[in-house]
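# Observations on the model geometry
Letter by letter, the chains look like this.
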Amino acid sequence: MTVRLVLADDQTVVRAGFRALFDLTDDLVVVAEAADGERAVEAVRTTRPDVVLMDIRMPGTDGIEATRRIAADRSLDAVRVVMLTTYQVDAYVFEALRHGAAGFLLKDIDPDGLRAAVRSVAAGQSLLAPAVTRSVVEEFARLKVPETEGAARLAHLTEREREVMALVGRGLSNEEIGRALAMSPLTAKTHVSRAMTKLGVRDRAQLVVWAYETGLVRAGER
């Protein structure tokens, strides 16, 4: 399987470094580069990559807005956006996950880790361990008051789907959810998928964000 990538970063040296790294592999191919969010969106619409490595902070249209536009375009549902950041705990990371990013990577990640992460997200797997996603989201959820219409937004989920979603928000994997609710991991995965479909979210990271924003899970809860 060849993974096609778009690199979006305003620093030429960063893009050159990533491209040089991917040029050393047979299955990871850079199909376009962009120096800002506007060009990144154009490149994604033109090339239809599997994965976008998107810098959060760029001049003009930043990485968050570019991610929002990509996630909102139904013709780009297969494109997975991974945010690049300097700090693990970053308010911008929360906003990126909220708008549809599949996860985030630190810019100082080692080459093997970067290649493995790109292959993983391209295969549809969760880029971040649930607990890591949760730690990022919870840090900034502390500053937000749950939406008053949260209950209404969750009304079309079944009780079981809400239970599963709450456990996803608390950082549990499908295996752990299965043990907690006495079901198989496959059944837990099915409930997660149905909740994502009903809520119109792209991936598990966004489901965690929804769990906090609607008040289904609150910061500090265990």
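Scroll up to find the structure.
Read on for a plain summary of the structure. Everything quoted here is computed from the prediction, not taken from an experiment.

## Structural notes on the overall build of the protein
Within the protein, the secondary structure is distributed over 11 helices and 5 strands. Here the protein holds 222 residues, and the buried ones make up 50% of them. With the model as given, the accessible surface of the protein reaches about 10,400 Å², and the carbon-plus-sulfur share is 51%.

## Side note on the pattern of salt bridges
Per the counting criterion, the structure on display carries 14 salt bridges. With a shortest N-O distance of 2.4 Å, E33 and R19 are connected by a salt bridge. One end of the pair, E33, is in strand β2 (residues 28-34); the other, R19, is in helix α1 (residues 12-22), and 14 residues separate them in sequence. For E33, a relative accessible area of 32% puts it in the partly exposed group. Classification of R19 by relative accessible area gives partly exposed; the value is 28%. A salt bridge links E65 to R68, with the nearest nitrogen and oxygen atoms 2.7 Å apart. Placement of the pair is E65 and R68 together in helix α3 (residues 63-72), with a separation of 3 residues, close to one helical turn. Owing to a relative accessible area of 25%, E65 belongs among the partly exposed residues under this scheme. Residues joined in a network through salt bridges with shared partners are E38, E65, R68 and R69.

## Some remarks on the environment of D55
Structurally, D55 can be placed in strand β3 (residues 51-55). Residue classification places D55 among the buried residues on the basis of a relative accessible area of 6%. In this view, D55 contacts A8, D9, D10, G63, M83, L84 and K107; residues no more than four positions away in its chain are not counted.

## Section: the packing of aromatic side chains
According to the stated counting rule, one finds 1 aromatic pair in the structure shown. On the basis of an interplanar angle of 20° and a centroid distance of 6.4 Å, the ring pair of F18 and F22 is categorised as stacked. Of the two residues, F18 and F22 are both situated in helix α1; the distance of 4 residues between them amounts to about one turn of the helix. Each member of the pair, F18 as well as F22, carries the same accessibility label: buried.

## Here's the deal with helix α11 (residues 204-213)
Since one α-helical turn is 3.6 residues long, residues separated by three or four positions face the same way. With 10 of 10 residues buried, α11 is to be regarded as a mostly interior element. Of the residues making up α11, those classed as buried are R204, A205, Q206, L207, V208, V209, W210, A211, Y212 and E213. Backbone geometry just downstream of α11 places G215 in the positive-phi region, at approximately 85°.

## Thoughts on the nonpolar core
Counting 27 residues, the largest nonpolar core has V44, V52, M54, I70 and M83 as the members making the most contacts within it. If you list the elements that add at least two residues to this core, you get β1 (3-8), β2, α2 (37-47), β3, α3, β4 (80-85), α4 (91-98) and α11. Residues V192, L199, V208 and V217 belong to the second largest nonpolar core, which totals 22 residues.

## Some remarks on α1
Of the positions making up α1, those classed as buried are V14, R15, F18, L21 and F22. Viewed end-on, α1 has its buried residues packed into an arc of 125°, placing them on one side of the element. Residues T12 and V13 are exposed on α1 and point more than 90 degrees away from its buried face. Of the surrounding elements, those touching the buried residues of α1 are β1, β2, β3, β4 and α5 (111-122).

## Notes on the environment of M1
Tracing the sequence through the fold places M1 in the segment before β1. With a relative accessible area of 68%, M1 lands in the exposed category. Separated by 26 residues in the primary sequence, M1 and D27 place their C-alpha atoms 6.5 Å from one another. Contact partners of M1, with chain neighbours within four places excluded, come to D27 and A122.

About the criteria used
- Residues numbered from 1 in each chain as written.
- Predicted model: local features only at pLDDT ≥ 70, side-chain atom pairs only at ≥ 80, totals over all residues.
- Heavy atoms only, no water.
- Helix = DSSP H or I, 4+ residues; strand = E, 2+ residues; numbered from the N terminus.
- Buried < 20%, exposed > 50% of the residue type's maximum accessible area, 1.4 Å probe, protein only.
- Areas by Shrake-Rupley, 256 points an atom, 1.4 Å probe, with all protein chains shown as cover.
- Salt bridge = Lys/Arg side-chain N within 4 Å of Asp/Glu carboxyl O.
- Contact = heavy atoms within 4.5 Å.
- Phe/Tyr/Trp six-rings, centres within 6.5 Å; stacked < 30°, edge-to-face > 60°.
- Core = buried A, V, L, I, M, F, W, Y, C linked by side-chain atoms within 4.5 Å.
- Arc of directions from axis to C-beta.

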